[in-house]
Amino acid sequence: MKLPQRGKNGKINTLELGGKQRVLIVGANGAGKTRFSNALAALGGDKTYQLNALHALFDRHADTSTLSPALQRRLSPTLPQGGNMTELEILLAQLMQDEMINLIGYKLAIADGRKATLRPTGLDRVVTLWQEVFPGNRVLIDSGKILFSRGIDASTYSAVRLSDGERAVLYYASAVHYAPKGALIFVEAPEIFLHPTLTSALWNRLEAWRNDCTFIYTTHDPEFASSRNGAPVVWVRSYDSSSETWEYDILPPDKGISQELYRTLIGARKPVLFIEGDSERSIDAKLYPLIFPDFTVRSLGSCNKVIEATRTFNDLAGLHKLDSYGIVDRDRRDAFEVAYLQRKHIMVPDVAEIENIMLLPDIVRTMAKAAGADPERVFGKVKKTVINLFKAELRQQALQHTRHKVKRTVEYRVDARFNDIGTLERHLEGMLDEINPRSIYDKFCQEFHKYVANDDYAAILRVFNQKSMLANSNVAPLCGFNNKDQYIAGVIDMARRSTPEAAAMRESIRRCLMQPPQQEKPSQQEKAPKQDRAPQR
């Protein structure tokens, strides 16, 4: 398939479909996707067939001469003209005309004594597909009109009273029926008016129905883009109106680009920051966009997804030319693991988890001052409480850190390559004695006792992984809030402000996130195997 002209130094001018029935055109708003699609359609010549539900449902035509040339060629010259009809209404009129011609031919054959059968018509196919998409709805033909009803005994109504989504499906089915054989069917915003649960199934049916055609979708919807498995993806990055050229690339099909990456590629113009948590409810999603306003922030859920997405996105750096980073909780990672992640452009806070950020000294002091309390007095009480909480759970925390370190070490040991079972057995012999969990545990206990003895608040925030700590620290009531959730909301609200105090608070959080790890050399059994492998959570 020939592609539109690229900008200077462009090399891609053709797209090898390799038997693929579908192509995706994606890009940010304003990047020139629609212009690119129209230019590509112009290169398709007589095979081009363009669909746009927005125009088809609402734009009215004085006659069929204003329709696309490919559709004009499929319409009967006897179709009524001058009716000020939408494209959908014109298509329905054509379906009814074809239906009547079929019936008249059948009756004439019977009258002449010839053997005749009623062949399935385009209307039959459209009605069947529409009722598969909207089960329980009925389509009736009465006095040359197409009528609809919901349920057997319900009253009938015309297509005008259908919802936009119902009419869109009716339009797509009718239009695809009239597509020329072997057409390049260009679909602008295939998801428009449709519920996400219907979109993919509808286009799967239409593609199966017209498997002689190639469907070329211009879409903003990452879910729909992800549903077109194996489709070549043209990413339109920008348009130069003076030269009428585009900057675009073809995304490599072997990268396994996820829905999250599609979403980012489609909409991003700024550096990308992948974070943990839910995009609506998590603290991460509410806080980090305020701390890094110059980034496109995307929530991916688990830390492993953040690590994998950041790595994959950076592998594609030559394609999208955007910097990408990630943020994952420290949890119980040691300095060796943190340094590994930082080399992969993944930031690890200098606290155990995001809730601990809410207990940073500058945050507590800022919130106390905003409440009219004495900042130093409030922070002193919070610090003392947190240290006492940690002291009470010191051995349990040491045990959890030991468990993490042993688990990681075993994973590294087992992850090596072995030629036979005997080699694996010899490699694992005596591993318990070599790892020595008791020694690791004792070391953590000694280290944690030292934090308590030295009132090392920063170190305790770094290793204390306990969800209840924020509530039990009493920081919320000390800063004038009823509970920890209100306190968190207050911190996030403060981070939105443009005051000097808010700016200082945001800078404190940035320092916590971008802190260089403590220097710590891994022991021999901790060294990672040769293959590049992210430490597991």
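For the structure itself, look to the data block above.
From a predicted model like this one, the values you see are computed outputs, not experimental measurements. (Residues numbered from 1 in each chain as written. Predicted model: local features only at pLDDT ≥ 70, side-chain atom pairs only at ≥ 80, totals over all residues. Heavy atoms only, no water.)

Asker: Quick rundown of the nonpolar core? Include the residues and the values.
Answerer: Among the nonpolar cores identified, the biggest contains 61 residues, and L287, I357, L359, Y487 and L513 are the most heavily contacted of them. For this core, the element with the most residues is helix 20 (residues 437-453), which contributes seven residues. For I357, the residues in contact, after removing those within four places along its chain, are L287, Y288, V351, I363, I509, C512 and L513. (Core = buried A, V, L, I, M, F, W, Y, C linked by side-chain atoms within 4.5 Å. Buried < 20%, exposed > 50% of the residue type's maximum accessible area, 1.4 Å probe, protein only. Helix = DSSP H or I, 4+ residues; strand = E, 2+ residues; numbered from the N terminus. Contact = heavy atoms within 4.5 Å.)

Asker: I'd love a proper account of the side chain of E87, names of residues and values included.
Answerer: Among the structural elements, E87 can be located in helix 4 (residues 87-111). Residue classification places E87 among the buried residues on the basis of a relative accessible area of 13%. Beyond its immediate sequence surroundings of up to four residues, E87 is in contact with A56, D59, H61, L67, L71 and Y171.

Asker: Can you tell me about helix 1 (residues 33-43), naming the residues and giving the values?
Answerer: Inspection of helix 1 places K33, F36, S37, L40 and A41 among the buried residues, and these make up the whole buried set. Along the long axis of helix 1, the arc covered by the buried residues comes to 135 degrees, so they all point the same way. Opposite the buried face of helix 1, by more than 90 degrees, sit the exposed residues R35 and A42. Check the buried side of helix 1 and you find it contacts strand 1 (22-26), strand 2 (48-51), strand 7 (184-188), strand 8 (214-218), strand 9 (233-240) and strand 10 (245-251). (Arc of directions from axis to C-beta.)

Asker: Give a description of helix 13 (residues 335-343) that names residues and reports values.
Answerer: Of all the positions in helix 13, only A335, F336, E337, V338, Y340 and L341 are classed as buried. Elements that come into contact with the buried residues of helix 13 comprise helix 11 (303-315), strand 14 (346-347) and helix 17 (394-414).

Asker: Can you lay out the packing of aromatic side chains for me, pointing to particular residues and giving the numbers?
Answerer: The geometry of an aromatic ring pair comes down to the distance between the two centres and the angle between the two planes. Under the counting rule described, the total for this entry stands at 21 aromatic pairs. Note on F295 and Y325: the rings are 5.9 Å apart at their centroids and 70 degrees apart in plane angle, and the pair reads as edge-to-face. Separated by 30 residues along the polypeptide, F295 in the loop between helix 10 (283-291) and strand 12 (296-299) and Y325 in strand 13 (residues 324-327) bring together distant segments of the chain. Residue classification places Y325 among the partly exposed residues on the basis of a relative accessible area of 26%. Ring pairing ties together the aromatic residues Y171, Y172, W203, F215, Y217 and F224, which thus form one cluster. Residue placement shows R6 over the ring face of Y248; its charged tip is 5.1 Å from the ring centre. Note that R365 overlies the ring of F379, its terminal NZ or CZ placed 4.5 Å from the centroid. (Phe/Tyr/Trp six-rings, centres within 6.5 Å; stacked < 30°, edge-to-face > 60°. Lys NZ or Arg CZ within 6 Å of the ring centre and 35° of its normal.)

Asker: Which residues make up the pairing of strand 12, and what are the values?
Answerer: Two strands pair when backbone bridges link them, and strand 11 (residues 272-275) and strand 12 are joined in this way by four bridges, in the parallel orientation. From the neighbouring strand, F274 faces strand 12, where its bridge partner is R298. In terms of handedness, the path from strand 11 via helix 10 over to strand 12 forms a crossover that is right-handed. (Pairing = 2+ DSSP bridges. Right-handed = clockwise from strand over helix to strand, strands pointing away.)

Asker: Let's hear about the pattern of salt bridges: which residues, and what values?
Answerer: Here the structure, examined in full by the defined rule, presents 23 salt bridges. A salt bridge links D350 to R330; the nearest nitrogen and oxygen atoms lie 3.4 Å apart. Of this pair, D350 sits in the loop between strand 14 and helix 14 (354-357) while R330 sits in the loop between strand 13 and helix 13, and the two are 20 residues apart along the sequence. In this pair, the class of D350 matches that of R330, namely buried. When the shortest N-O distance is used, the salt bridge between R511 and D362 registers 3.3 Å. (Salt bridge = Lys/Arg side-chain N within 4 Å of Asp/Glu carboxyl O.)

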